[in-house]
Amino acid sequence: MTWSTADIPDLTGRLALVTGATSGLGYETALELLRHGADVLVAARNPEKAAQAVETLTQKAGRAPTVLELDLADLASVQRAAEEVVKSYDKLDLLVNNAGVMAPPYRQTLDGFELQLGTNHLGHFALTGRLLPSLVKGSRVITVSSFMHKTVRGLSEDDLRRPAGSYRKWEAYGKSKLANLLFMLELDRRARADGADLLSVGAHPGYASTHLQAAGPELAGRALQAQLWGAATRMVAQSAAAGAWPSLYAATYPDLRPGSFVGPSFFEYRGTPKVVLPTRTAQDPELAQRLWEWSVEATGVDPALTVPR
């Protein structure tokens, strides 16, 4: 199959929210959605970076996005952002759960969760749950995972509040990406069981050159390591624009089946997008249900109560 951004249909009149849209995959996703007519909410926690992104997005797309202040590591911020969307817009057609952190030194969210699972999964879980009243018939929720979900074989409730002494940064990252897929597939199962016309799908970028690789060393104060990571990534990875193709395909391809997972075609490393398979663990319905229950308890948000019919 060949596919490019030229195959994205006209999105005029559709509203999209993209998390982590100030750089990398989120920026490239927002750019193409704007170019194809969508109105785009750029969700970001850093006002300065958001302003810079809006300026360049407007220049490249010829249309300006709207900034939505959002910190996924703060559940109060998630609630405020979702309430703003519900109050300001009649509908939300596309929700792209893209933002994330990768392999930082041990940190906790403002609510006391391990940073990677707290941001990459719980923040998006709470955001999606609170936005479901605005998701209209035929809307899509796209959750961005990683092939790193293949590196772990399980997940427990203890992982959400794992203490520093047992923290392993790459294991935690893999578990957060596993959680993304479990959530995506459980949302799909629940939406279909509820009779909701809501398409829940996933995507992963393969190996793409973004700032994500250098962010962990930067948080640890290792500037040289961050520079080396960035240089090495630029040499071997595909561009962020190409890395965004699976997300864009998942967001716009007309005939995508519910619960599909989209990644690059060449060994899931790079290339045009295609539907790929998650691991058996990621497809475990019992684990997905348990994660859902843990997430409801952790965030105080129960998406099952508000799935639109």
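The structure displayed is predicted, hence computed values, not measured ones. (Residues numbered from 1 in each chain as written. Predicted model: local features only at pLDDT ≥ 70, side-chain atom pairs only at ≥ 80, totals over all residues. Heavy atoms only, no water.)

1. Observations concerning the overall build of the protein
Across its full length, the protein holds 10 helices and eight strands. Sorting the 309 residues of the protein into buried and exposed places 55% on the buried side. Sequence separation of 24 or more characterises 77% of the internal contacts of the protein that already satisfy a separation of 6 or more. For the protein, the computed accessible surface area is about 13300 Å², with 51% contributed by carbon and sulfur atoms. (Helix = DSSP H or I, 4+ residues; strand = E, 2+ residues; numbered from the N terminus. Buried < 20%, exposed > 50% of the residue type's maximum accessible area, 1.4 Å probe, protein only. Contact = heavy atoms within 4.5 Å. Areas by Shrake-Rupley, 256 points an atom, 1.4 Å probe, with all protein chains shown as cover.)

2. Regarding the sheet that holds strand β4 (residues 92–97)
In space, the eight strands of this open sheet follow the order β3-β2-β1-β4-β5-β6-β7-β8, with mixed pairing throughout. Of all strands in the sheet, those with a lone pairing partner are β3 (66–69) and β8 (270–276), marking the two edges. The sheet shows a mean angle of 25 degrees between the axes of neighbouring strands, taken without regard to direction. Examined bridge by bridge, strand β1 (residues 15–19) and β4 share three bridges and lie parallel to one another. Residue Val-18 lies in a different strand from β4, and its bridge partner there is Val-96. Of the strands in this sheet, β1, β2 (39–44) and β4 touch helix α1 (residues 24–35), which is tilted by about 170 degrees from β1. Most of the contacts of helix α3 (residues 75–88) go to β3, to which it runs at about 140 degrees, and overall it touches β1, β2 and β3. (Pairing = 2+ DSSP bridges. Axes fitted to C-alpha atoms, helices over the stretch in contact; angles between N-to-C directions.)

3. Topic: empty space enclosed by the protein
Over the atoms rolls a probe the size of a water molecule, and its path tells where empty space is left. Applying the stated criterion to the full structure yields one cavity of 30 Å³ or more. Looking at the largest cavity, its volume works out to about 50 Å³. Residue lining of the largest cavity: Glu-114, Leu-117, Asp-159, Arg-162, Tyr-167, Arg-168, Glu-171, Ala-172 and Lys-175, and that is the complete set. A per-element tally of the lining of the largest cavity places helix α5 (residues 169–194) first, with three residues. Taken together, the residues of the lining of the largest cavity break down into three nonpolar, no polar and six charged. (1 Å grid on protein atoms, 1.4 Å probe; cavity = no way out; pocket = protein on both sides within 12 Å on 5 of 7 lines; lining within 4 Å. Points joined across faces, edges and corners; volume = space filled by probe spheres on them. Nonpolar A, V, L, I, M, F, W, Y, C, P; charged D, E, K, R; others polar.)

4. Section: the nonpolar core
Counting residues in hydrophobic clusters, the biggest one holds 48 residues, and the most contacted among them are Leu-17, Leu-127, Leu-131, Leu-155 and Leu-198. Of the residues forming this core, the biggest block, nine residues, is contributed by α5. If we skip the residues at most four places from it in the chain, Leu-127 touches Thr-19, Leu-70, Leu-72, Val-78, Ala-82, Leu-95 and Asn-97. Ranked by size, the runner-up nonpolar core spans 31 residues in total, among them Leu-33, Ala-38, Val-144 and Leu-248. (Core = buried A, V, L, I, M, F, W, Y, C linked by side-chain atoms within 4.5 Å.)

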